[in-house]
Amino acid sequence: MSAASGCVLTEEQLLCVICLDVFNDPVTLPCGHNFCKNCITQHWDTRSDKCQCPSCKENFHKRPNLRVNTFISGMAENFRKPTKRERSHSTGVAKIGEVPCDICTDLKIKARKSCLVCLASYCENHLQPHLTSAALKRHQLTDPVQNLEGRVCAIHDKPLELFCKTDETCVCMLCPVLDHKSHEVIPLKEEVERQKSELGKAEVRIHRMILERRMKIEDIEHSEKLSKEAAGKEISDGVRFYNALIQSLEKAQAELIGTIEDKLKNSEKEAKILTRELEGEISELMSKRAEVEQLSRSKDHLYFLQNVASLDISVPTKDWTEVSLQTPSFEGTVKSAVDRIEGILGLEMKRILHEAELNSVREFAVNVTLDSNTAHSALVISDDCKRVHHGATKKNVPDNAERFNPSCCVLGKQSFSYGRFYFEAQVQNKTRWTLGVAKKSIKRKGIIPLCPENGHWCIWLKNGSEYAALVGSPLPLSVKSKKLKKVGVFVDYEEGLVSFYDVENADLLHSFTGCSFTETICPFFSPGLNDDGVNSAPVIVSNVDHADFRLKK
């Protein structure tokens, strides 16, 4: 039977109507109702206008003097004390995997602490002597652990409290004196801290290795993505090429059949003309033969003589002996068609190869801007340093050592001393310009011929249609498009290569090979003179977007 079963009051009668819990320091009001002292005090403090009983609503003129009702307080205390079973339930029976109390005999309660001296584990109740007894307070308590026997020295039956660094084993206080003489022995805590420090370092290394491998996975996935994109592009280009090839073959086939059919039609037409002429002559001859036969059968001599003189017995004089229908010759027709297809395919393959080459060098595109400090004073450069044209008048700018004078040139801000790079410049609607790269150390003052010997690798346009590579004396260039719109410049520093491309037609214009680059080089631009507005269009340094370039259909 629980303590609550012997109480005079029921549990409901011991509940405060304000907090709805068992009374804590219960007080009785003059009206007879009971409340927790703290609850009724706080209730009245929040209602400063009047002092009223929360149960019966009786008003008091002044706040009653509150005293704890010891009887009701005792009843409430009995309700709060748990029984042995309730205590065991609240403390908790040890579950599988938890350390049980070694002293409990009925229900094995979960241990709160283990004693390394007693080699036993204790629940809350059985731990009290270790917390109160002066002799037991000196024992070493730890969180509950299994296998306490493994924490005792097998030789001296003492707790393992030290660590022998020489033998790398845990020892008791007697081991250094008896069995581990002259060994380096330290407290377990010190070795634990050292080992934890090493584990921390190992954790950092492992974490770094995890990050490195995750980054490697990202690199692999990125490479795989690039491979898929490249494969997709190659498939698309291949399909486009073979579709164009099929179309060319179908067109050539149709032209071949058309040529043969035209020859056959001409032969048939000639045969019809000859046949029609022969049939006409046959009809005429048959008519004359009928007239002759009719007159010849006449027995009227007078009629015969009167009509024979007027009878037209002339016949066609055309000699058909040598006339024949010439059979059309089809020999060589197929060969000519094949030769034509080979030419078309050669041009198509060459164009695709050039497109692929341009697409590959575009992967090395860099963002080039113009260096206004190097620009001739008559050149006008945009705020974004992407456009340059020749102005009508010179600007008042310092004639510093970097500035070109009198040549109307400007260098790019970016310089390169290794690797590969590519940039593009728009030259549409211009009659004169010069593009390329130059050594950063080239002379800026005076008239300097543009050639590799002087540190320039450039091509130009002059007089609106004359394109040339500047190799000492201008080397004329063959340009598909009579008016270039955009020129691409590619440099491979280590290979000593400078190549120029017609971007619109994906055509290689010229390559300087075997260049010996030994110092920094920069993009080089000259928009040419204004020429009274004829050449006023700017040279525009383009931003190369890889996504906007696809092999042309």
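Residues numbered from 1 in each chain as written. Predicted model: local features only at pLDDT ≥ 70, side-chain atom pairs only at ≥ 80, totals over all residues. Heavy atoms only, no water.

Asker: Describe the packing of aromatic side chains, listing the residues and the values that go with them.
Answerer: As enumerated under the stated definition, the model contains 9 aromatic pairs in all. Ring plane angle 70 degrees and centroid distance 6.5 Å describe the contact between Trp44 and Phe60, whose orientation is recorded as edge-to-face. You can see Trp44 sitting in helix 1 (residues 37–45) and its partner Phe60 sitting in strand 4 (residues 59–60), a full 16 residues away along the chain. A relative accessible area of 2% places Trp44 in the buried class. A ring pair is formed by Phe500 and Phe512, whose centres lie 6.1 Å apart and whose planes are at 70 degrees; its orientation type is edge-to-face. You can see Phe500 sitting in strand 20 (residues 497–502) and its partner Phe512 sitting in strand 21 (residues 507–512), a full 12 residues away along the chain. (Phe/Tyr/Trp six-rings, centres within 6.5 Å; stacked < 30°, edge-to-face > 60°. Helix = DSSP H or I, 4+ residues; strand = E, 2+ residues; numbered from the N terminus. Buried < 20%, exposed > 50% of the residue type's maximum accessible area, 1.4 Å probe, protein only.)

Asker: Kindly report on unusual backbone geometry, identifying the contributing residues and their values.
Answerer: A cis amide bond links Asn405 with the next residue in sequence, Pro406, at an omega value of 10 degrees. Relative to the assigned elements, Pro406 resides in the loop between strand 12 (387–390) and strand 13 (410–411). Phi is positive for Lys57, which is not a glycine, with a value near 65 degrees. Positionally, Lys57 belongs in the loop between strand 3 (51–52) and strand 4.

Asker: Could you give me a rundown of the sheet that holds strand 19 (residues 486–492), with the residues and numbers involved?
Answerer: With respect to topology, 7 strands assemble into an open sheet ordered 11-12-23-14-19-20-21, the strand pairing being antiparallel. Sheet topology places strand 11 (379–381) and strand 21 at the edges, where each strand pairs with a single neighbour. The mean inter-strand angle of the sheet, taken between neighbouring strand axes irrespective of direction, is 20 degrees. When strand 11 meets strand 12, the two strands line up antiparallel, connected through 3 bridges. Within the sheet, the bridge partner assigned to Ile381 lies in strand 12 and is Val388. (Pairing = 2+ DSSP bridges. Axes fitted to C-alpha atoms, helices over the stretch in contact; angles between N-to-C directions.)

Asker: Any chance you could break down the pairing of strand 14 (residues 420–426) for me, citing the residues and the numbers?
Answerer: Counting buried positions along strand 14 yields 5 of 7 residues, so the element is predominantly enclosed. In the sheet, strand 14 pairs with strand 19 via 7 bridges, with the strands oriented antiparallel. By the bridge assignment for strand 19, Gln426 is matched with Lys486. Where strand 14 meets strand 23 (residues 539–542), 3 bridges bridge the pair, whose relative direction is antiparallel. Within the sheet, the bridge partner assigned to Gln426 lies in strand 23 and is Ile540.

Asker: Now, about the environment of Cys101: what can you tell me, with residues and values included?
Answerer: Secondary-structure assignment places Cys101 in the loop between helix 3 (84–91) and strand 5 (113–115). Along the sequence, Cys101 and Leu127 sit 26 residues apart, while their C-alpha atoms lie 9.3 Å from each other. Among residues more than four places away in sequence, those in contact with Cys101 are Lys108, Ile109, Ala111, Ser121, Tyr122, Cys123 and His126. (Contact = heavy atoms within 4.5 Å.)

Asker: Could you give me a rundown of the pattern of salt bridges, with the residues and numbers involved?
Answerer: Applying the stated criterion across every chain, the model contains 13 salt bridges. A salt bridge links Arg63 to Asp45, with the shortest nitrogen-to-oxygen separation between them at 3.2 Å. With Arg63 in the loop between strand 4 and helix 2 (70–80) and Asp45 in helix 1, this residue pair connects regions lying 18 residues apart in the sequence. Here Arg63 falls in the partly exposed class, since its relative accessible area comes to 43%. Note that Lys288 and Asp312 form a salt bridge whose closest N and O atoms lie 3.4 Å from each other. Of the two residues, Lys288 is situated in helix 7 (residues 188–296) and Asp312 in the loop between helix 8 (301–308) and helix 9 (333–361); the sequence distance between them amounts to 24 residues. According to the relative accessible area criterion, Lys288 is buried, its value standing at 14%. (Salt bridge = Lys/Arg side-chain N within 4 Å of Asp/Glu carboxyl O.)

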